[in-house]
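Below are the chains, spelled out letter by letter.
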Amino acid sequence: DPPKEGCADGKVARVGGSANSGMEDKLVTEQEPLSRESTEEEEEEEEGLFDLPASEVVFRSYRNSAIAIIFVLGALVVMFLAPTDRVLDIPGFIACGYIFFFFCLQNTFLEWPTVPAQILLLLACALGALAGPTGLQACGLWANLVVRCIMWAVDVAIVAAGYRYMVRGPSCAELDEEYLDGRTFVITGCNTGIGYETASVLARAGAKVIFACRSEDRARAAMKKLVEDADGEVEEDQLHFIPLDTSSFASVRNF
């Protein structure tokens, strides 16, 4: 057979046809276990990324929930051990339960790793709404209708403040045009929902927005819709698409 060129370890060698075939078989046989080992190592590495120990933030969140529950139980114990007739006011009970329920629920999602002052004030007011009627009964004031109405108004205000700070959150600020000129933002999954609305606000303020989505067709359609809805406030060259599937490590590395 005429000599052929083969490449091994980056070097060019001239070998006969039969020898070259044998060398290729040998190289394939040696590379197969190496490829299997590398694949297994990559799978172990990817699995290890999700097998993370609980952080200090998680423990702090559980601690916050436990402390909140202890305070509520403590307030109930004080009420039932009060020397005078205890009063379990329904509006106050609802207001306290509302605030502490959302506080513990949001701690589960790590929303309060550091509890701000307004939330601490809300928690204190909620405890006051729960135990306040018993304290007023001890002072002989709970029988007064005016005092009861004031207490119920406070309960409504506590629920409203809890909704404002713990459920709805701050309102979206309007950004002036050209406020974000020269800035670039990458938004994942922005072809619909909150991501799309975020992309719209940033683009209207002059920013360049990268649509990092899995489906190019959906991303292009969302980009076209955003430009049409903006009525000239957003140019087509402000919006760009880059494929990204956050469930794939290969896609994340190639981004």
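Model, not experiment: these values are computed from the prediction.

Moving on to helix H2 (residues 56-80). Along its 25 residues, H2 runs 36 Å from first to last C-alpha, staying within 8% of the 36 Å computed at 1.5 Å per residue. All of the buried residues in H2 are Val-58, Ser-61, Asn-64, Ser-65, Ala-68, Val-72, Ala-75 and Met-79. Its buried side turned inward, H2 meets helix H3 (90-108) and helix H4 (117-138).

Attention shifts here to the pattern of salt bridges. Under the criterion given, the structure shown has three salt bridges. In this structure, Glu-216 engages Arg-220 in a salt bridge whose closest nitrogen and oxygen atoms are separated by 3.4 Å. Of the two residues, Glu-216 and Arg-220 are both situated in helix H7 (residues 216-229); the distance of four residues between them amounts to about one turn of the helix. Where Asp-229 meets Lys-225, a salt bridge forms, and the shortest distance between an N and an O atom there is 2.8 Å. Here Asp-229 pairs with Lys-225, and both are found in helix H7, just four residues apart, close to one helical turn. A residue is classified by how much of its surface remains accessible, and Asp-229, at 38% relative accessible area, is partly exposed. Of the residues examined, Lys-225 reaches a relative accessible area of 42% and is grouped as partly exposed.

What counts as what
Residues numbered from 1 in each chain as written. Predicted model: local features only at pLDDT ≥ 70, side-chain atom pairs only at ≥ 80, totals over all residues. Heavy atoms only, no water. Helix = DSSP H or I, 4+ residues; strand = E, 2+ residues; numbered from the N terminus. Expected span 1.5 Å × (residues − 1). Buried < 20%, exposed > 50% of the residue type's maximum accessible area, 1.4 Å probe, protein only. Contact = heavy atoms within 4.5 Å. Salt bridge = Lys/Arg side-chain N within 4 Å of Asp/Glu carboxyl O.

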